[in-house]
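What the coordinates show
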Amino acid sequence: KSGDILALASRPNFNQDKIDEYLDSGDMAFLNKAIRVGYPPGSLFKIVVLLAALEESPNFANRKYFCNGYEVVNGQKINCSSVHGELSLQDAFAKSCNSTFIQIGKEIGSQNIINMAKRLGFGAKIGIGLLEEIGGNLPNQNELMGAAIGNIAIGQDKLEVTPLQITNLLMIIANNGIKKDLSIVKGITNKNGTMLKEYSKDEDYRVISSEITQLIFKYLCEVVKTGTGNSMNLDNIGGAGGKTGSAQARFKKKDTVHGWFSGFYPSINPEYIITVLVEDTDIGSAAALPIYEKIIKQIYRIKIKN
């Protein structure tokens, strides 16, 4: 609710006494990857697609969808992770069905999705007080044509986001559609720690309607209960909601997959947003889930002790 960033970490670390050993490593050890590197969001971007669709017509939530295991868009075949058959929208989101979201994307169009992404803070700096932050990338008008919608609907192609931007997205949903001013700097102190100047925050403002946000919130909880995030065991410590993502990318001069999970905790009256990104992994989002679970359980232990 505060918008305060409590922790921010980037790996690998480097030995400051032996910087020359890292100059040609290719792993970007010198960069704060949470704010300075753009990554394809993969299925996390389905949140944006879903918000755009429901804003255009709430009836999307009442339809049935069918997954054959793939979709063909302008002659380009895009596979789904499975042959899901008939699905509700909630099930399609929980199982991260590519086919369903490509069907939705084709209906609402690329421009509506990109417009929603801009409203949610993508394609621009969030502005947390660190100068090296980048704004990521959204496709331009020429890159939205033809088969592009197939990739945009599942968070691929020209899309690049930072973990900070993903955190901002989940924070908006956890706050019932209200945008909070994210920050990591409270102000300026003297050498004794006395606050000399406290930085002011921008006013909160509504980005998404409460009705649509509450539905998305429910879907995100379902991901952890029965969907792609159900390998985590968090029910007995408050539960959680969030979204997995496995993003195809070019990294260290090879094709690979990055694994994402971003979510809120606990599932009722959330207090924290945690975003985990694991680069270059063979198992996609499955690499991020244990890290997220470990962080949540440690937060719970600290809260119990205090």
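Residues numbered from 1 in each chain as written. Predicted model: local features only at pLDDT ≥ 70, side-chain atom pairs only at ≥ 80, totals over all residues. Heavy atoms only, no water.

1. Considering the overall build of the chain
Each helix and strand counted, the chain has nine helices and eleven strands in total. Expected size for 306 residues packed as a compact globule is a radius of gyration near 19 Å; at 19 Å, the chain falls within 12% of this value. Each principal axis of the C-alpha distribution contributes one length, and for the chain these read about 65 × 45 × 35 Å. Residue burial in the chain is summarised as follows: out of 306 residues, 51% are buried. When the accessible surface of the chain is totalled, it reaches about 15300 Å², and 47% of it is carbon and sulfur. (Helix = DSSP H or I, 4+ residues; strand = E, 2+ residues; numbered from the N terminus. Rg over C-alpha atoms; globule rule 2.2 N^0.38 Å. Buried < 20%, exposed > 50% of the residue type's maximum accessible area, 1.4 Å probe, protein only. Areas by Shrake-Rupley, 256 points an atom, 1.4 Å probe, with all protein chains shown as cover.)

2. What about unusual backbone geometry?
Negative phi characterises most residues that are not glycine, and trans characterises most peptide bonds. The omega torsion across Arg11 and Pro12 is 5 degrees, close enough to zero to call that bond cis. Within the secondary structure layout, Pro12 lies in the segment before helix H1 (33–36). Backbone geometry places Asn176, a non-glycine residue, at a positive phi of 60 degrees. Counting through the fold element by element, Asn176 comes out in the loop between helix H7 (163–174) and strand E5 (178–179). For Asn176, a relative accessible area of 27% gives the class partly exposed. Positive phi, close to 50 degrees, is recorded for Asp280, a residue that is not glycine. The class for Asp280 is partly exposed, based on a relative accessible area of 27%.

3. Re the sheet that holds strand E10 (residues 254–265)
Pairing in this open sheet of three strands is antiparallel, and the strands run E9-E10-E11 from one edge to the other. Since the sheet does not close on itself, it has two edges, and those belong to strand E9 (241–251) and strand E11 (272–278), each with one partner. This sheet shows a mean twist of 15 degrees between the axes of neighbouring strands, independent of strand direction. For E10 and E11, the ladder comprises seven bridges, and the chain directions are antiparallel. The residue of E11 that forms the bridge with Tyr265 is Tyr272. In the packing of H7 onto the sheet, the strands contacted are E10 and E11, and the crossing angle to E11 comes to about 150 degrees. (Pairing = 2+ DSSP bridges. Axes fitted to C-alpha atoms, helices over the stretch in contact; angles between N-to-C directions. Contact = heavy atoms within 4.5 Å.)

4. Some details on the pairing of E10
Within E10, nine of the twelve residues are buried, leaving the element largely enclosed by the surrounding structure. Bridge count between E9 and E10: eleven bridges; the pairing is antiparallel. Bridge pairing in E10 links Arg250 to Asp255. If you look at the hairpin formed by E10 and E11, you'll find six residues sitting between the two strands, and Asn269 has a positive phi there, around 50 degrees.

5. Considerations on the environment of Gly241
The residue Gly241 is located in strand E9 in this model. The spacing of Gly241 and Ile302 is 61 residues in sequence and 20 Å in space, taken between C-alpha atoms. Among all residues touching Gly241, those that are not within four sequence positions of it are Leu220, Cys221, Val224, Ser262, Gly263, Phe264 and Tyr292.

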